[in-house]
Amino acid sequence: MSPAPSSAARALALLLALPAAVQGQARTTTMPSTLRYGSGLLDVPVAGVLPHLGITGTFSGFFVNLDRRARVGPSGATVGYGEGVEELHRDASVTLGLFDVMEVGATVQALNRASDGGSMWGVFGRLQLVRPPPEGLGLAVGARYVTAPDFSDGIPRQPGRLGFPDERLRETYEGSSTRVATRLSLYGVATAYVPGWRSALLPRHRFAISAGYGTGMFRSGGHLPFYGQADSDGWFFGSSVHVLVARDVTLALLGEHNGFDVNVGAQLDVGGLRVGAHLLGVNHPEPAGGYSSEYLRPKLGFLVSLAICPSGGGLLCKPSVAERRPSSVQLPAPPPDTVVVVREVPPPLPDGTPALVCLSTGEELLVRVTAMGDTLVGPGRVPIASLRPGVELAGAYAGETHWHRNGQPLVVEGRTYEPWGAPRRLRCGDIEPVGEHRGVPLFAPGEAGISAGVIYVPVRPGLWQPYREVGSVEP
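Reading the values: the criteria
- Residues numbered from 1 in each chain as written.
- Predicted model: local features only at pLDDT ≥ 70, side-chain atom pairs only at ≥ 80, totals over all residues.
- Heavy atoms only, no water.
- Disulfide = S-S within 2.5 Å.
- Helix = DSSP H or I, 4+ residues; strand = E, 2+ residues; numbered from the N terminus.
- Buried < 20%, exposed > 50% of the residue type's maximum accessible area, 1.4 Å probe, protein only.
- Salt bridge = Lys/Arg side-chain N within 4 Å of Asp/Glu carboxyl O.
- Phe/Tyr/Trp six-rings, centres within 6.5 Å; stacked < 30°, edge-to-face > 60°.
- Core = buried A, V, L, I, M, F, W, Y, C linked by side-chain atoms within 4.5 Å.
- Contact = heavy atoms within 4.5 Å.
- Pairing = 2+ DSSP bridges.
- Axes fitted to C-alpha atoms, helices over the stretch in contact; angles between N-to-C directions.
- Polar contact = N/O pair within 3.5 Å; in protein donor to acceptor, adjacent residues only side chain to side chain.
- pLDDT = per-residue confidence, 0-100.

Asks: For this particular structure, what's the right way to read the state of the cysteines?
Replies: A covalent bond bridging the sulfur atoms of two cysteines is what the word disulfide describes. Tallied over the entire structure, the rule returns one disulfide. For Cys358, the disulfide goes to Cys428, at an S-S distance of 2.0 Å. Looking down the S-S bond of the Cys358 and Cys428 bridge, the torsion is 105 degrees, so its handedness is right-handed. Here the residue Cys358 occupies a position in strand β15 (residues 353–358), and Cys428 occupies one in the loop between β20 (415–419) and β21 (431–437), the gap between them amounting to 70 residues. Since its relative accessible area comes to 1%, Cys358 is described here as buried.

Dropping the structure here:
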C-alpha cells in the first residue's frame, strides 16, 4: 500500500531539510562558474557540484569583431563573404544544488538576439557518481539541452557552442550524411584534486584537473569548415589552480579544451561574489584573408556570478581551497591567563613526572603527574582537581555541551561522523585542525587528514573523543 500523499509530502520535506539542519557547518564552493552551464571551468564541466540548496546566478558575455563574415551554402562549404560584425553576445544562467550530489539549472542565451533567430533557452544537470574528496578523484555524469533557433524559413537548425543563433548551422547539409546534433549533450567527467606545493613563499593553493567525453556540443559539427577545426572527436579536458588570496577570497586560473577551442581565463571570488575575464578560442590562428567566422577566432569575454548558500553559516557561499592538512583554520583565541594558580602547594607535595597535555588550541602544556594520578599545574605545582573551577586552560572543549553529551553526529565537508569508542589522550604533533563545530575545533590525523575517516573532538584538556565517518571501515 502506498503512503498517503500528505505523508509523502512530509517525508520529502524532511529529506530536503536534513542537510540544512546540521548547524555550524558553513557551506563552501570549490569550483568557479562556467559561462552558461553551472559550476565548472569556462565551458568544461567538473565532477563537483554545488552544496545542498546552494544557488548561483551567472551573467556572461563575449565580444566578436569580424571585418567580413563567411557565407555558407547548402553543402556547408563557404561560398562567399558578407559584411563584418561587431557585437557583444550575452548569456545568463541559474543553478541549484541538491543533496550535495547533484545540481540542476536553466540558461538563456543570446539575450541580444531576440529579433534575429530568437533567444535560446536550455536546461542542464549533473549527478555525482563518486564524490571528490579534498584530495583525490571524483566522477560525474551530466546533460545539457538547448533549444534550436528559428529563422522562420522552414530549415531545421541547431544551437552552436558559442550560444548565439546562427542561420548557417543547419541540422543537415546537401551531400553529407553527417547530421549536426547539438541540442542534447551527454557527458561523463572525472576530476582529480591535487594539493599545491607547500612553501612559505607561496600562498595556499591547490589544483583541479578534469577530463571527460561528451556528445552534442562537445563533438558534433566538426566536419563543417566554418564551425569546427582541430576538434577532438568529443574528448574534453581542463585544469585550474585555486589560490587563497585572503580570508574568503580566492583566485582561480583556468585553462581548457572543450572539444573545439582552447579557452583561458581567471575568476576572483570574494565571499561568493565572482568576477572573471576570459579569452576564448586562443588556438585559432588568423588566416591569410583575416578572420571570417565567430567560432574560429579569439574572443574576449567577461563573467559576473553570485553564489548563495542559505543552508550554510551565512547567506553567501564561502570559497574554499581545502587541503589534506589545512594551514589557516581559525581556532578560538586562548583567554589572557591560560593557567590561573590561586594558592601555593604546601610541601611535602610530590613533584610528579613531567608530561605534555594537548590543548584544543593545538598547543601542548607541560604538567606533572603524581603516582596517585594527580595532575599538577603552574609554578606552585597545584593539583587541578583541588582548584576547579579556579583554573582555566586555553581553548574550547565539548565536554559540557549538549550535542556532545547526547552523542549527536557531526557533518564535516559533507561527511557524517558519529562518536566512536572511548575518549583518549593524543599528542598535538599527531593531529591537525580541519575546522570547527559550534565553536569547538575539530582535528584529524596529521598524515591522512580528513580522508582517514576519523576526526577528534576535544572533550577537556588532554582528552579527545574520536568520531568515525558513517559507513567507513574501522580506521
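Asks: Whenever I open this one, the pattern of salt bridges confuses me. Can you help?
Replies: Any two side chains of opposite charge can pair if their charged atoms end up close together. Taken as a whole, this structure holds 14 salt bridges when the rule is applied. Residue Arg144 pairs with Asp43 through a salt bridge whose shortest N-O separation is 3.5 Å. Placement of Arg144 in strand β6 (residues 136–146) and of Asp43 in the loop between β1 (28–29) and β2 (55–72) is noted, with a sequence separation of 101 residues between them. Comparing Arg144 with Asp43, the two get one shared label, buried. The salt bridge partner of Arg69 is Asp166, with a shortest N-O separation of 3.4 Å.

Asks: Is there a simple way to think about the packing of aromatic side chains in this case?
Replies: Within this structure, the stated rule accounts for 13 aromatic pairs. Consider the rings of Phe226 and Tyr295, whose centres lie 6.1 Å apart with planes at 65 degrees: the pair is edge-to-face. Taken together, the positions of Phe226 in the loop between β8 (205–214) and β9 (235–246) and Tyr295 in the loop between β12 (273–280) and β13 (299–308) put the pair 69 residues apart, joining distant regions of the chain. We classify Tyr295 as buried; its relative accessible area is 1%.

Asks: Explanation requested: unusual backbone geometry in the structure shown.
Replies: Leave glycine aside and you will find that most residues have negative phi; peptide bonds, for their part, are mostly trans. With a phi angle near 60 degrees, Phe99 is a residue other than glycine that sits in the positive phi range. Turning to its location among the elements, Phe99 is positioned in the loop between β3 (78–98) and β4 (102–109). Its identity is not glycine, yet Ser152 carries a phi of approximately 55 degrees, on the positive side. Position of Ser152 among the secondary structure elements: in the loop between β6 and β7 (184–195). Residue classification places Ser152 among the exposed residues on the basis of a relative accessible area of 69%.

Asks: Please clarify how the nonpolar core should be interpreted in this entry.
Replies: A general trend in soluble globular proteins is that nonpolar side chains are found buried together. Ranked by internal contacts, the top residues of the largest apolar core, which has 35 residues, are Leu169, Tyr173, Leu224, Phe226, Tyr227 and Tyr295. Going through the elements one at a time, β2, β7 and β10 (249–257) are the ones with two or more residues in this core. Sorting elements by how many residues they give to this core places β2 first, with four residues. Sequence-distant contacts of Tyr227, that is, excluding residues within four places in its chain, are made with Gly160, Arg161, Leu169, Ser220, Gly221, Phe260, Tyr295 and Leu296.

Asks: Whenever I open this one, the side chain of Asp166 confuses me. Can you help?
Replies: Inspection of the secondary structure puts Asp166 in the loop between β6 and β7. The exposure class of Asp166 is buried, given its relative accessible area of 1%. In this structure Asp166 touches Arg69, Pro149, Phe151, Arg157, Phe226 and Tyr295, once residues within four positions along its chain are discounted.

Asks: It is not clear to me how the sheet that holds β12 should be interpreted in this structure. Could you clarify?
Replies: The strands making up a sheet associate through backbone hydrogen bonding, with each pair oriented either parallel or antiparallel. Read once around its circumference, the closed barrel built from twelve strands follows the order β2-β3-β4-β5-β6-β7-β8-β9-β10-β11-β12-β13, with strand pairing classed as antiparallel. Adjacent strand axes in the sheet meet at a mean angle of 20 degrees when their direction is disregarded. Pairing of β10 with strand β11 (residues 262–270), which is carried by nine bridges, proceeds in the antiparallel orientation. In the strand pairing of β11, Val249 is matched with Val270.

Asks: Looking at this structure, how should I read the pairing of β20?
Replies: Along any regular strand the residues' side chains alternate between the sheet's two faces. Relative to β20, strand β19 (residues 410–412) runs antiparallel, the two being bridged by three bridges. Paired with Val411 across the two strands is Thr416, which belongs to β20. Where β19 hands over to β20, the hairpin turn is made up of two residues, of which Glu413 adopts a positive phi near 55 degrees. Pairing of β20 with strand β24 (residues 463–469) involves three bridges; the strand directions are antiparallel. Bridge pairing in β24 links Pro419 to Tyr467.

Asks: Explain the side chain of Ser60 to me, please; I cannot follow it from the model alone.
Replies: Structurally, the position occupied by Ser60 is in strand β2. Among the polar contacts listed, one links the side chain of Ser60 to the backbone oxygen of Leu35, at a separation of 3.0 Å. With near-sequence residues (within four places) excluded, Ser60 lies in contact with Leu35, His89, Arg90, Asp91, Phe302 and Leu303.

Asks: Explanation requested: the confidence of the model for the protein chain in the structure shown.
Replies: Low-pLDDT stretches of the model should not have their predicted coordinates read in fine detail. Confidence in the prediction of the protein chain, expressed as mean pLDDT, is 82, and 77% of residues score 70 or more. Element-level pLDDT for the protein chain is lowest in helix α1 (residues 5–21), with a mean of 40, against a maximum mean of 96 in β12. Long-range and interchain partners of residues 1–28, a stretch whose pLDDT sits below 50, account for 32 contacts in this model, where long-range means more than four residues apart. pLDDT under 50 marks residues 323–328. Its contacts with residues more than four places away, or in other chains, come to 22 contacts.

Asks: Which parts of the structure should I look at to understand the pairing of β8?
Replies: Alignment of β7 against β8, held across nine bridges, turns out to be antiparallel. Each residue of the ladder has a partner; that of Pro195, found in β8, is Arg206. Here β8 pairs with β9 via nine bridges, running antiparallel. When the bridges of β9 are listed, Arg206 appears paired with His242.

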